[in-house]
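Working through the structure, step by step
Here is how the chains run, residue by residue.
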Amino acid sequence: MNEEVIYYPKEAVGRAVEQFETPFFLYSEERLRENCRRMKSAFEKHFPDVWPLFAVKANPNPDFLRIIMDEGFDFDCSSPSECFLAEKLEAKGMYTGNYTPADELKYAAERNMILNLDDASMLPFLEEIGVPEILSFRINPGIGGGERESFVFAGPDAKYGVPFEKAAEAYKKAAELGVKRFGIHMMTGTNIPISEKEYFAQITKKLFEIVAEVKREAGVKIELMNIGGGFGVPYKPEEKSLDIEELAASVRESFDTQCEKHGLKEPRLMIEPGRFISADAGWRVGKVLVIKDSYKKFVGIDASSNDMPRPSIYGAYHHASVMNDASEQEPVSIVGQICENNDQFARDRMLPVCDIGDVVVIHNCGGHARAMGHNYNGRLRHAEYLLEQNGSIRQIRQAQNIEDLFKTTKL
Ligand SMILES: Cc1ncc(COP(=O)(O)O)c(C=O)c1O
């Protein structure tokens, strides 16, 4: 049993449900800091000047982000709103958009972001907005991985990145435009299975081959190498955690071998994890509203998949705990209130026999969880609370109300 998956701060959740209305998200400052430290120190051991970014899309809560910044991370941003947030929090970092128009690039550049272009077709936009001193390209290295098909971000079916065969040409054009310094980036998949131990070393090797070709063909030297995020986390109790020390050591080995092989000056390493830092630092807490004995037993809770859509979009597994004293277990499906049959958080799971009002905790909801939410069926977004290191619990985002939902609509 992986303790990291089945753990939740029971006492704090108990206190929170007494004080605040459910449903809500609860984040643990302690766990968030631990995750940041674990990742940063594993890489710093082998890359003393590593530049870690946090993928803001995983959890854009400002207080959550402030903690990550305090642990020495900058930001990976992917939209103007995330750049706006970075500016408010006085963070810098990299902007990786997709199919990005000139005005978005301008917005990001004005907010201290290194532009990371998804394709050479966006280079003319730089002439419109002003050519930056430093520029990066996201490369599609032709190989990718990921927990499931939609999590694979590279290869011929992926919409992302400069095809690796066209990389040298892209850098050459950028140099001709007047760019002086260069970076290279890849993000080849998310939740890369932890069993694929050599994955990061292998894709780093591929990236170095591209760096060598860019130097040879375009005469461009690359000084920043961003190997992206995608570091897998366990969602099921029987899954193992990623050995991040081992992974960092294998990337080090790849750097040494490839720099020597291609006669390259070592670039500065950048990483941009989201899930690894955030996923197991948050829980979604709700209460049982209705119990229905149908063809099988359904337990309806006061939270729906609009605010944590991973199970409905991907069929993703999230561990669930019920807080009660029941001595017996039974197979149940925990469901929300949305008119979609995929609004189910746990299907046919053995869980303690529930009663109305029991508290249900959904695990691994700190990253790519609330952040992916929406308002389908007019369902509202939940509040967020932070369990601080001193044990106090503080609201860090209010729940939406019905008026909020119609703020932009003429009634
Ligand atoms: C460009 C980019 N960087 C980083 C990440 C973070 O990925 P993960 O949360 O899997 O580490 C993502 C996730 O989609 C991404 O698109």
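It should be emphasised that the depicted structure is a prediction, and the values quoted were computed from it without experimental measurement. (Residues numbered from 1 in each chain as written. Predicted model: local features only at pLDDT ≥ 70, side-chain atom pairs only at ≥ 80, totals over all residues. Heavy atoms only, no water.)

To continue, consider the overall build of the protein chain. Counting its secondary structure elements, the protein chain contains 13 helices and 18 strands. Its C-alpha atoms give the protein chain a radius of gyration of 23 Å, near enough to 22 Å, the size a compact globule of 411 residues would have. Dimensions of the protein chain, computed from the C-alpha atoms along their principal axes, are close to 70 × 50 × 45 Å. Relative to its 411 residues, the protein chain shows a buried fraction of 56%. For the protein chain, the share of sequence-separated contacts (at least 6 apart) that also reach a separation of at least 24 residues comes to 70%. Summed over all atoms, the accessible surface of the protein chain reaches about 18200 Å², with 48% contributed by carbon and sulfur. (Helix = DSSP H or I, 4+ residues; strand = E, 2+ residues; numbered from the N terminus. Rg over C-alpha atoms; globule rule 2.2 N^0.38 Å. Buried < 20%, exposed > 50% of the residue type's maximum accessible area, 1.4 Å probe, protein only. Contact = heavy atoms within 4.5 Å. Areas by Shrake-Rupley, 256 points an atom, 1.4 Å probe, with all protein chains shown as cover.)

Attention now goes to the site of the ligand. Within the structure, the ligand sits among 15 residues, and T190, G230, E272, R275 and H368 are positioned closest to it. A distance of 2.9 Å separates an oxygen atom of the ligand from a polar backbone atom of G274. Here an oxygen atom of the ligand sits 2.7 Å away from a polar atom, N or O, in the main chain of R275. In isolation the ligand offers 390 Å² of accessible surface; the protein chains occlude 94% of this area. Residue composition of the shell around the ligand, grouped by class: 4 nonpolar, 6 polar and 5 charged. (Near = heavy atom within 4 Å. Polar contact = N/O pair within 3.5 Å; in protein donor to acceptor, adjacent residues only side chain to side chain. Nonpolar A, V, L, I, M, F, W, Y, C, P; charged D, E, K, R; others polar.)

For F182, the position within the fold is in strand 8 (residues 181–185). The buried category is assigned to F182, whose relative accessible area is 3%. Expressed as a C-alpha distance, the spacing of F182 and F137, which sit 45 residues apart in the sequence, is 8.3 Å. Setting aside anything within four residues of it in sequence, one finds F182 in contact with I134, L135, Y171, A174, A175, V220, K221, I222, E223 and L224.

Moving on, we get to the domain arrangement of the protein chain. The domain architecture assigned to the protein chain consists of domain 1 (47–273) and domain 2 (280–405). For domain 1 versus domain 2, the separation of C-alpha centres amounts to 33 Å. Of the residues lining the interface, 18 residues belong to domain 1; the matching set on domain 2 comes to 18 residues. When domain 1 packs against domain 2, the two sides together hide about 1500 Å² of surface, and 55% of this comes from carbon and sulfur. For domain 1, the biggest contributors to the area lost against domain 2 are N61, D63 and Y235; these three give 37% of the whole. (Domains from an automatic or database assignment. Buried area = accessible area lost by both parts, 1.4 Å probe.)

Looking at the secondary structure, you find M1 in the segment before helix 1 (3–6). Expressed as a C-alpha distance, the spacing of M1 and K240, which sit 239 residues apart in the sequence, is 8.7 Å. Those residues within four positions of M1 in sequence are excluded, and the remaining contacts are I6 and P237.

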